Amino acid sequence: MLLLGIETSCDDTATAVVRDGRDVLSSVSTNQDEFHRKYGGIVPEIASRRHVALLSAAVEDSLDRAGATFEAIDGIAVTAGPGLIGSLVVGVASAKALAFALYKPLYAVNHLHGHLFAPFLDRVETPPYPFLALLVSGGHSQLVAVDSPVQLRILGRTHDDAAGEAYDKTARLLGLPYPGGPELDRLAQTGNPKAHAFPRHRPADGSLDLSFSGLKTSVRYYLESEAGRDANRADVAASFQAAVIDQLMTRLQSAFERDRYRAAVVSGGVAANSALQAAVRAWSARHGVPVFIPPPKYCTDNAAMIAAAAFYQQGSARVDPLALTADPNLSFSIHSRTL
Ligand code: KG4
Ligand code: ZN
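Residues numbered from 1 in each chain as written. Chains lettered and ligands numbered in written order. Predicted model: local features only at pLDDT ≥ 70, side-chain atom pairs only at ≥ 80, totals over all residues. Heavy atoms only, no water.

Caption draft 1: Broad picture of the nonpolar core. Counting residues in each nonpolar core, the largest one holds 47 residues, and the members touching the most others are V136, L184, F240, L248, F256, V266 and L276. When contributions to this core are tallied by element, the ones reaching two or more residues are β6 (131-136), β7 (141-148), α5 (163-173), α6 (180-188), α7 (213-224), α9 (233-258), β9 (263-267) and α10 (274-287). In contact with F256, other than residues within four places in its own chain, are L132, Y261, A263, A264, W283 and V289. Core analysis: the second largest hydrophobic core is formed by 34 residues, A16, L116, V265 and A317 among them. (Core = buried A, V, L, I, M, F, W, Y, C linked by side-chain atoms within 4.5 Å. Buried < 20%, exposed > 50% of the residue type's maximum accessible area, 1.4 Å probe, protein only. Helix = DSSP H or I, 4+ residues; strand = E, 2+ residues; numbered from the N terminus. Contact = heavy atoms within 4.5 Å.)

If you want it as structure tokens, here you go:
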């Protein structure tokens, strides 16, 4: 089954052609960073206009690279939400038009479910169910129990910032260019993670929830203090990163103590972080739990993961091309939309 994937939920214009939810024949992503950099963050209006300008060519490009034609594909998978409404609308409208004109099935995918299926791409061995997923991106941070492709339970979520958002905001405090996550990752590699004891959030109720705003504020107060003005920025970056990873690893460990899972998955943009990957791999070796982390190009937003999710969720993802609407607040739960 050959699916064309379309992902425009935020600022990446991404298309892909994927066979059977696994073999990526092409994955094209046009990054808009240069248009947003001078504003220090994503400007929604610019993002949606760039999607309009780029998407048609991106669809043709992904088909060409895959050696496929519109006739050869078996369906179209598109991100229906959550995300920026102006960005989502561009992908959804294009996917609906293609499905309608080509008489092909249309599959609506939740962006967050897409991240959960990224570790299935280009792999011989895929995560066995049930698995525990640590989903850490710029917009979301949560722990998800994945019992089957359509049985997904959120076990814990962030009360405030997402992990990626905390990285981006802290990077900005450190004077690093946008997007800050990868820059902070690089700077931290030369710093001492034990230089500063920034706070680790521990929920009083023993839940698996996360919180990063206290940590970010504490870095800010430190940098604004007398001592912080001449601080070694690499040490601050490494200590901030150690606090984030400590919190994530503590929750992962607690989830495994409460229930049995056959594997751990780490996905979303922050899964590309080198120190988080090292921590998860060390934990995996210690506990004998297989861990699946997508390569960096599938950690961050891409359309191949959307096509993969549509393949595995086919029955519940299929929608009427005339009825689908983009939903910026799309709920995480699976809605049965079976035609
Ligand atoms: O999944 P993603 O591409 O978009 C969302 O759905 O949000 O994640 C983007 C986020 C950004 O906050 C970015 O700074 C962060 O992932 N990120 C990283 C790294 N690479 C990307 N954060 C820390 N270390 C990295 N190497
Ligand atoms: Zn994402």
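Caption draft 2: Just the sheet that holds β9, in detail. Judged by pairing direction, the sheet is mixed, and its five strands sit side by side in the order β8-β7-β6-β9-β10 without closing on themselves. Two strands bound the open sheet, and with one partner strand each, they are β8 (151-157) and β10 (291-292). Bridge count between β6 and β7: six bridges; the pairing is antiparallel. Bridged to F131 within β7 is V146. Across the sheet, α9 is in contact with β6, β7 and β9; its angle to β6 comes to roughly 160°. (Pairing = 2+ DSSP bridges. Axes fitted to C-alpha atoms, helices over the stretch in contact; angles between N-to-C directions.)

Caption draft 3: Spatial organisation of the coordination of the zinc ion (ligand 2). Surrounding the zinc ion (ligand 2) are the protein donor atoms H111 (NE2), H115 (NE2) and D301 (OD), which sit 2.0 to 2.1 Å from the metal. Because the angles between the four donor atoms bound to the zinc ion (ligand 2) fall within 96 to 141°, the donor set is best described as irregular. Among the residues examined, D301 registers a relative accessible area of 18% and is labelled buried. (Donors = N, O, S within 2.8 Å, 3.2 Å for Na, K, Ca; no water. Tetrahedral: all angles 85-135°; square planar, octahedral: opposite > 155°, others 65-115°.)

Caption draft 4: How the structure looks around the site of ligand 1. Close to ligand 1 lie 19 residues; G138, D168, D185, N273 and D301 are nearest. Measuring from an oxygen atom of ligand 1, one finds a side-chain N or O atom of D168 at 2.6 Å. When ligand 1 is considered free in solution it has 550 Å² of accessible area, and contact with the protein chains removes 87% of it. Elements that contribute at least two residues to the shell around ligand 1 include exactly α4 (111-117), α5 and α6. Across the shell around ligand 1, the residue classes break down as five nonpolar, 11 polar and three charged. There are two domains that each give the shell around ligand 1 at least three residues, and those are domain 1 (2-118 + 298-338) and domain 2 (129-294). (Near = heavy atom within 4 Å. Polar contact = N/O pair within 3.5 Å; in protein donor to acceptor, adjacent residues only side chain to side chain. Areas by Shrake-Rupley, 256 points an atom, 1.4 Å probe, with all protein chains shown as cover. Nonpolar A, V, L, I, M, F, W, Y, C, P; charged D, E, K, R; others polar. Domains from an automatic or database assignment.)

Caption draft 5: Up close: the side chain of T158. You can see T158 is positioned in the loop between β8 and α5. There is a polar contact of 3.2 Å between the side chain of T158 and the backbone nitrogen of D160. Discounting chain neighbours no more than four positions away, the residues touching T158 are S141, L210, S211 and F212.

Caption draft 6: A look at the pattern of salt bridges. The full count for this structure, using the stated rule, is nine salt bridges. In this structure, R153 engages D147 in a salt bridge whose closest nitrogen and oxygen atoms are separated by 3.0 Å. A residue is classified by how much of its surface remains accessible, and R153, at 36% relative accessible area, is partly exposed. Notably, a salt bridge pairs R186 with E183, separated by 3.3 Å at the nearest N-O pair. With R186 and E183 both in helix α6 and three residues apart, this pair spans about one turn of that helix. For E183, a relative accessible area of 25% gives the class partly exposed. Counted as one network, the salt bridges with shared partners bring together D161, E165, K169 and K216. (Salt bridge = Lys/Arg side-chain N within 4 Å of Asp/Glu carboxyl O.)

Caption draft 7: Up close: the packing of α7 against α9. Interaxial distance between α7 and α9 falls to 11 Å at its minimum, and their mutual angle equals 160°. With respect to each other, α7 and α9 are oriented roughly antiparallel. Along this stretch, α7 crosses α9, giving a crossing that reads as right-handed. Across from L215, V219, Y222 and L223 in α7, the residues of α9 making contact are V236, F240, A243 and V244. Of the residues contributing to the contact of α7 with α9, the split by class is eight nonpolar, no polar and no charged. (Parallel < 35°, antiparallel > 145°, perpendicular 65-115°, else oblique. Left-handed = near helix turned anticlockwise from the far one by under 90°.)

These results come straight from atomic positions and should not be treated as a statement about function.
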